[in-house]
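Fold and contact review
What follows is each chain in one-letter form.
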Amino acid sequence: AQTVTQSQPEMSVQEAETVTLSCTYDTSESDYYLFWYKQPPSRQMILVIRQEAYKQQNATENRFSVNFQKAAKSFSLKISDSQLGDAAMYFCAYRSRDNYGQNFVFGPGTRLSVLP
Amino acid sequence: NAGVMQNPRHLVRRRGQEARLRCSPMKGHSHVYWYRQLPEEGLKFMVYLQKENIIDESGMPKERFSAEFPKEGPSILRIQQVVRGDSAAYFCASSPWTGSSYEQYFGPGTRLTVT
């Protein structure tokens, strides 16, 4: 079974600065998807960024980018120019590509605070 | 296109009562997933359903919990004889079937409180 680990329960960053959230995972599969979700106080799960394991190029979405190291099974999220609205819980998630195991496996989350 | 809808958003039940949580997937989506989030934890997979079929219920407790996704109407997660430990946020997600689709769209969740 796959597992996802986020070793930083809490992080803080100064507004306009850059912060990196860590995520590692364990799998025996070679093809899969990785995601970062943001959960603000409203509890709505918002997709931040996704990465296909077969793609070597790191995904980017505006101020959000990932550092995907497949061999090390590491998938960190970098938030540049942090804004107050970025404060939330961030969850790393793994999804198998095979047709049967389509559910997400989530990490325990990192609570990000943005300091003005 | 409306997003995934869940109701109620908040549900309070006394110990021993039944809780029914509803999920209407996005239009055109035939796959529904239920997840549970305990306080200060990540989401944990419970069950994966297609219309009229349970595909994977490996994350669902063997007793008191059941789920269905009928041909017509929303998916229902039913918890019988609720206990305090069932207090959590329950999220539904849906996806279309396109073979290689990897996207799941989450609803706003139902927060269940058992008193």
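Scroll up a little and you will see the structure.
Reference entry: report on the structure contained in this document.

Reading the values: rules and limits
- Residues numbered from 1 in each chain as written.
- Chains lettered and ligands numbered in written order.
- Predicted model: local features only at pLDDT ≥ 70, side-chain atom pairs only at ≥ 80, totals over all residues.
- Heavy atoms only, no water.
- Disulfide = S-S within 2.5 Å.
- Helix = DSSP H or I, 4+ residues; strand = E, 2+ residues; numbered from the N terminus.
- Buried < 20%, exposed > 50% of the residue type's maximum accessible area, 1.4 Å probe, protein only.
- 1 Å grid on protein atoms, 1.4 Å probe; cavity = no way out; pocket = protein on both sides within 12 Å on 5 of 7 lines; lining within 4 Å.
- Points joined across faces, edges and corners; volume = space filled by probe spheres on them.
- Nonpolar A, V, L, I, M, F, W, Y, C, P; charged D, E, K, R; others polar.

**Some remarks on the state of the cysteines**
Enumeration according to the criterion identifies two disulfides over all chains in this entry. In this model, Cys23(A) is linked to Cys92(A) through a disulfide, with the two sulfur atoms separated by 2.0 Å. Disulfide Cys23(A)-Cys92(A): the torsion about the S-S bond is -70°, which places it as left-handed. On the criterion of sequence distance, the pair formed by Cys23(A) in the loop between β3 (19–21) and β4 (24–26) and Cys92(A) in strand β10 (residues 88–96) is long-range, its members being 69 residues apart. Looking at Cys23(A), the relative accessible area reads 1%, which means it is buried. Here Cys92(A) falls in the buried class, since its relative accessible area comes to 1%. Here Cys23(B) is linked by a disulfide to Cys92(B), with a sulfur-sulfur distance of 1.7 Å.

**A closer look at the environment of Pro25(B)**
Within the secondary structure, Pro25(B) is located in the loop between β3 (19–24) and β4 (31–37). Distance in space between the C-alpha atoms of Pro25(B) and Met5(B) is 6.5 Å, their sequence separation being 20 residues.

**Structural notes on the layout of surface pockets**
All names here are of chain A. Size it by volume and the largest pocket reaches roughly 240 Å³. Every residue lining the largest pocket is counted, 15 residues in all, and those nearest its centre are Gln39, Pro40, Arg43, Met89 and Arg111. Those elements that provide at least two residues to the lining of the largest pocket are β10 and β12 (110–115). In terms of residues, the lining of the largest pocket owes the most to one element, β12, which gives three residues. A class-by-class count of the residues in the lining of the largest pocket yields eight nonpolar, three polar and four charged.

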